[in-house]
Amino acid sequence: MLIKKPADIRPSEITSQSNYCNRRDFLRAGAIAGGSLLGANALGAVVPDARRAKLADVRASEFSTDETPNSYEDITTYNNYYEFGTGKADPFENAQDFEPRPWTITVDGHAEKKGTFDFDDFIKPFDLEERIYRMRCVEAWSMVIPWVGISLAEVVKHFKPTSKAKYVAFETLNDRSRMPGLRRRSLDWPYREGLTIAEATNPLAILAVGLYGEVLPNQNGAPIRLVVPWKYGFKGIKGIVRMRFTERQPDCSWNMAQPREYGFYANVNPDVDHPRWSQARERRIGAGLFASKQPTLMFNGYGEQVAHLYKDLDLRRNY
Ligand SMILES: Nc1nc2c(c(=O)[nH]1)N[C@H]1C(S)=C(S)[C@@H](COP(=O)(O)O)O[C@H]1N2
Ligand SMILES: [Mo]
């Protein structure tokens, strides 16, 4: 285990957001904090099972944007998470009582290391980083979100995919007793997404476990979700329970539902319109109803890091 740098979150982004803590959560968070005095570094990353508990040992990332993050309220009340309903406020309203524990993640397919891991054991080997990313939804709205996450590239390396592995497929929890939206066939459950191995090992891709320096809220995908900032929001699968290394391009929920509208790649691209609307501009959530839309950037502004992944690909056909 490498020695980590001390926590280095920009205080301005966190202090105003952390007032709420119920007594039970407060006590549990306290117990974790006490434990960390004995050496959280030596134990690896620890994500407490307590709402809005602060995450320890988070370092800042060189990949963060310096744009102002959206408010905690914007980020946690305007969501897409169809397992909790299709309205933008549904996940906030219907996911409050969801318990993201116990939680296991199964890793299978073409990899040397496989198995079913308890969430804490899964993330323990990896360092926590704050990554303030621009996020762009296919519905032409955007936000800036201060995630806390672990590098997906590190995770992939850890499980040692074999030469047969060309893609990584992810699946969301599919438990009707805990997710009311699953009773409707708004999508073919479980929610599924995938990346090429090259995409999954790009340094920008993360698995997020936190937001604003705190444990990830349920409506944003607790306890662990994917974040790929150069792709449309729907690639960012929430509540991940399975990660599978595959030889063939995996099925993806939105692509299965509407193949003409949602492709496998789903790179943010202002030049390729969605069949029903333009993708050239975006509305920044929180900017006010009368604020003008801003231009959308190729690869959501992350071209320097990711354009090389697609140099041999026709991005009009591979949308
Ligand atoms: N399991 C699951 N993951 C999901 C979705 C979903 O419906 N179910 N919606 C996606 C879409 S369309 C978007 S825009 C993002 C929204 O993430 P956020 O609510 O944290 O901003 O989650 C993505 N991940
Ligand atoms: Mo989306």
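Residues numbered from 1 in each chain as written. Chains lettered and ligands numbered in written order. Predicted model: local features only at pLDDT ≥ 70, side-chain atom pairs only at ≥ 80, totals over all residues. Heavy atoms only, no water.

**Student:** Would you take a moment to explain the overall build of the protein for this structure?
**Tutor:** Along its length, the protein carries nine helices and 13 strands. Taking all 319 residues of the protein together, the buried fraction comes to 52%. Pairs at least 24 apart in sequence give 74% of the contacts found in the protein among residues at least 6 apart. Of the accessible surface of the protein, which amounts to about 14,900 Å², a share of 51% is contributed by carbon and sulfur atoms. (Helix = DSSP H or I, 4+ residues; strand = E, 2+ residues; numbered from the N terminus. Buried < 20%, exposed > 50% of the residue type's maximum accessible area, 1.4 Å probe, protein only. Contact = heavy atoms within 4.5 Å. Areas by Shrake-Rupley, 256 points an atom, 1.4 Å probe, with all protein chains shown as cover.)

**Student:** Help me understand the environment of Asp120 in this model?
**Tutor:** Here Asp120 lies in helix H5 (residues 119–123). Asp120 gets classed as partly exposed once you look at its relative accessible area, which sits at 26%.

**Student:** What is the right way to look at the pairing of strand E7 (residues 192–196) in this model?
**Tutor:** The side chains of a regular strand alternate between the sheet's two faces. Where burial is concerned, most of E7 is hidden: five out of the five residues are buried. Of the two faces of E7, both are covered, the one formed by Arg192, Gly194 and Thr196 as well as the one formed by Glu193 and Leu195. Pairing of strand E6 (residues 167–172) with E7 involves five bridges; the strand directions are antiparallel. Counted as the bridge partner of Tyr167 is Thr196 from E7. (Pairing = 2+ DSSP bridges.)

**Student:** In this structure, what is going on with the pattern of salt bridges? I would like to understand it.
**Tutor:** Oppositely charged side chains are able to pair whenever their charged atoms sit close together. Overall, the coordinates contain 21 salt bridges when judged by the stated rule. Salt-bridge contacts for Arg59 lead to Asp127; the nearest nitrogen and oxygen are separated by 3.4 Å. Placement of Arg59 in strand E1 (residues 58–60) and of Asp127 in the loop between H5 and strand E4 (128–136) is noted, with a sequence separation of 68 residues between them. A residue is classified by how much of its surface remains accessible, and Arg59, at 25% relative accessible area, is partly exposed. Judged by its relative accessible area of 18%, Asp127 falls in the buried class. Between Arg59 and Glu129 there is a salt bridge whose closest N-O contact spans 3.1 Å. Of this pair, Arg59 sits in strand E1 while Glu129 sits in strand E4, placing them 70 residues apart in sequence. (Salt bridge = Lys/Arg side-chain N within 4 Å of Asp/Glu carboxyl O.)

**Student:** What is the right way to look at the site of ligand 1 in this model?
**Tutor:** Around ligand 1, 16 residues are found, and the nearest of them are Asn79, Tyr82, Glu83, Gly236 and Lys238. Between Glu83 and ligand 1, the recorded distance is 2.8 Å, taken from a side-chain N or O atom to a nitrogen atom. Here ligand 1 has 540 Å² of accessible area as a free molecule, and 96% of this is covered by the chains. More than half of the atoms of ligand 1 fall within 2 Å of the grid points belonging to the largest pocket. When grouped by side-chain class, the residues that make up the shell around ligand 1 number seven nonpolar, six polar and three charged. (Near = heavy atom within 4 Å. Polar contact = N/O pair within 3.5 Å; in protein donor to acceptor, adjacent residues only side chain to side chain. 1 Å grid on protein atoms, 1.4 Å probe; cavity = no way out; pocket = protein on both sides within 12 Å on 5 of 7 lines; lining within 4 Å. Sits in = over half its atoms within 2 Å of the grid points. Nonpolar A, V, L, I, M, F, W, Y, C, P; charged D, E, K, R; others polar.)

**Student:** Can you help me understand the environment of Pro180 in this one?
**Tutor:** Looking at the secondary structure, you find Pro180 in the loop between E6 and E7. Separated by 95 residues in the primary sequence, Pro180 and Gly85 place their C-alpha atoms 7.2 Å from one another. Every residue in contact with Pro180, bar those within four places of it in the chain, is listed here: Glu83, Phe84 and Asn94.

**Student:** Teacher, can you tell me more about the nonpolar core here?
**Tutor:** Grouped burial of nonpolar side chains is what soluble globular proteins tend to show. One finds Phe122, Trp147, Leu152, Phe170, Leu207, Ile224 and Phe245 to be the most contacted residues of the largest nonpolar core, which totals 84 residues. For this core, the element with the most residues is strand E5 (residues 141–151), which contributes six residues. Excluding its chain neighbours within four sequence positions, the residues that come into contact with Ile224 are Trp103, Ile105, Phe119, Phe122, Ile123, Leu207, Ala208, Val209, Leu216, Lys238, Gly239 and Ile240. (Core = buried A, V, L, I, M, F, W, Y, C linked by side-chain atoms within 4.5 Å.)

**Student:** Sorry, what's going on with the packing of aromatic side chains here?
**Tutor:** For any pair of aromatic rings, geometry is given as the distance between the ring centres together with the angle between the planes. Taken as a whole and assessed by the stated rule, the structure comprises 15 aromatic pairs. On the basis of an interplanar angle of 75 degrees and a centroid distance of 5.4 Å, the ring pair of Tyr82 and Trp254 is categorised as edge-to-face. Note that Tyr82 is positioned in the loop between helix H3 (72–77) and helix H4 (90–94) and Trp254 in helix H8 (residues 253–257), a separation of 172 residues in sequence. Judged by its relative accessible area of 18%, Tyr82 falls in the buried class. Exposure remark for Trp254: the relative accessible area of 15% places this residue in the buried category. Note on Phe234 and Tyr262: the rings are 5.4 Å apart at their centroids and 75 degrees apart in plane angle, and the pair reads as edge-to-face. Here Phe234, found in the loop between strand E10 (225–227) and strand E11 (240–246), pairs with Tyr262, found in the loop between H8 and strand E12 (281–284); they are 28 residues apart in sequence, far enough to count as distant. Among the aromatic residues, those joined into a ring-pair cluster are Tyr167, Phe264, Tyr265, Phe299 and Tyr310. For Arg52, the ring lying beneath its charged end belongs to Tyr72, and the centroid distance is 3.8 Å. (Phe/Tyr/Trp six-rings, centres within 6.5 Å; stacked < 30°, edge-to-face > 60°. Lys NZ or Arg CZ within 6 Å of the ring centre and 35° of its normal.)

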